[in-house]
Each structure stands twice: as structure tokens, then as C-alpha cells.
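Okay, here's what each chain looks like letter by letter:
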Amino acid sequence: MKFFNSILLTALLSFIAGIYVPYWWFFAVVAFLVAVLIHQRGFKAFLAGFSGLFILWFVLALWMDVTNEGVLSVKIASILPLDGSKWMLMIVTACIGGLVAGFAALTGSYLRSSNSKKVI
């Protein structure tokens with residue numbers, strides 16, 4: 001249940017932060033904070049951050065593609081070495097966001113576990 005909540009919270013808060021915060025990388029801060037607040041082991045935290053952002057960015061890329069009838073994504077995919085495949089462009093875009101969020105969540109998980117072992 002914590003895993004699903006982490007995915008949902010990471011995606012939702014990253015979407016909201018994307019509306020109000022002008023920096024594209026701020027979702028990494030969100031994934032970090034979610035991993036600190038909802039403690040999970042390292043791999044699960046990475047997977048939750050990765051999955052939350054992968055799904056969010058893929059859906060947003062798909063939505064942008066549908067709204068402009070695929071014109072922009074085909075042009076960008078033809079510039080990159082993707083053979084003009086807009087689906088590969090969406091997957092690569094989602095993977096980049098997922099990796100950044102996953103590593104941020106992994107860092108948050110490790111920070112939480114290292115702080116819990118210290119005796120004050």
C-alpha cells in the first residue's frame with residue numbers, strides 16, 4: 001500500500017509542482033520528499049519514484065501529442081536518432097524523467113534510513 005501511495009503522491013505532487021514552479025527539475029525534490037516521508041527500502045523507493053514520473057510524463061507527452069495532432073513529436077523524433085517514431089520519443093522522455101525521480105527517491109530513502117540509525 002505504501003508503494004502505491006508513493007507512486008500516486010509522487011505523480012500528483014509533481015504535476016501540481018509543474019504548474020506552479022518554473023523549474024523542470026523540481027519534480028526531483030518532490031520525489032525526494034515523498035521518499036523521506038513514506039519510508040521504503042531503496043529499490044522500492046527508486047521504483048516508486050521512477051514509476052510515478054514515468055507514468056506522469058508519458059501521459060503528459062501523449063496529451064501534448066494528441067492536442068497538436070502529432071506534428072511536433074514527429075518533427076522532434078526525426079531530428080533525434082529515433083527514426084521519426086513519436087512513441088519512442090514519448091518513452092525516452094518518460095524514462096529520463098523517471099530516472100531522475102527514481103534516483104531522487106532513492107536518495108531520500110537512504111537519507112531516511114541513515115538518520116534512523118543515529119542515536120542522539
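Since we're looking at a predicted model, the values are computed, not measured.

## Concerning empty space enclosed by the protein
Then, in step 1: Evaluation of the coordinates by the stated rule reveals one cavity of 30 Å³ or more.
Then, in step 2: Computed from the structure, the largest cavity encloses a volume of approximately 60 Å³.
Then, in step 3: Along its surface, the largest cavity is lined by Ser 6, Thr 10, Ala 31, Val 34, Ala 35, Ile 38, Gln 40, Ala 45, Ala 48, Gly 49, Ala 105 and Ser 109.
Then, in step 4: If you list the elements that add at least two residues to the lining of the largest cavity, you get helix 1 (2-20), helix 2 (26-37), helix 3 (42-67) and helix 5 (86-117).
Then, in step 5: The residue makeup of the lining of the largest cavity, split by class, is seven nonpolar, five polar and no charged.

## Description of the nonpolar core
Then, in step 1: Ala 11, Phe 27, Ala 28, Ala 31, Ala 35, Leu 53, Leu 56, Trp 57, Ala 94, Ala 101, Ala 104 and Ala 105 together form the largest nonpolar core, which totals twelve residues.
Then, in step 2: Of all elements in the fold, only helix 2, helix 3 and helix 5 reach the threshold of two or more residues within this core.
Then, in step 3: Not counting residues within four places of it along the chain, the set of residues in contact with Phe 27 comprises Ser 14, Leu 53, Trp 57, Gly 97, Val 100 and Ala 101.

## Focus: the layout of surface pockets
Then, in step 1: Here the largest pocket defines a volume of roughly 590 Å³.
Then, in step 2: Lining the largest pocket are 25 residues, with Trp 57, Leu 60, Ala 61, Met 64 and Thr 93 positioned closest to its centre.
Then, in step 3: Listed by contribution, the elements that provide at least two residues to the lining of the largest pocket are helix 1, helix 2, helix 3, helix 4 (71-79) and helix 5.
Then, in step 4: Among the elements that make up the lining of the largest pocket, the one with the highest residue count is helix 3 (seven residues).
Then, in step 5: By residue class, the composition of the lining of the largest pocket is 19 nonpolar, five polar and one charged.

Calculation notes
Numbering of residues starts from 1 in each chain and follows the order in which that chain's sequence is written. In view of the model being predicted, local features appear only for residues whose pLDDT reaches at least 70, and side-chain atom pairs are presented and counted only at 80 or more, with totals across whole chains, interfaces and linings using the full set of residues. Derived side-chain values reflect all non-hydrogen atoms in the structure, with water molecules and hydrogen atoms excluded from consideration. Two kinds of site are reported from a 1 Å grid over the protein atoms alone, namely cavities, where a 1.4 Å probe fits but cannot get out, and pockets, open sets with protein on both sides within 12 Å along at least five of seven lines, and residues are called lining when an atom falls within 4 Å of a point. Grid points are joined across faces, edges and corners, and a volume is the space filled by probe spheres set on the points. A run of H or I in DSSP becomes a helix once it reaches four residues, and a run of E becomes a strand once it reaches two; helices and strands are each numbered from the N terminus. Classification convention: Asp, Glu, Lys, Arg as charged; Ala, Val, Leu, Ile, Met, Phe, Trp, Tyr, Cys, Pro as nonpolar; all other residues, Gly among them, as polar. Side-chain atoms within 4.5 Å are what join buried Ala, Val, Leu, Ile, Met, Phe, Trp, Tyr and Cys residues into a set we call a nonpolar core. Only protein chains enter the area calculation, which uses a 1.4 Å probe; residues under 20% of their type maximum are buried, those over 50% are exposed, and those in between are partly exposed. Contacts are assigned to residue pairs that have any heavy atoms within 4.5 Å of one another.

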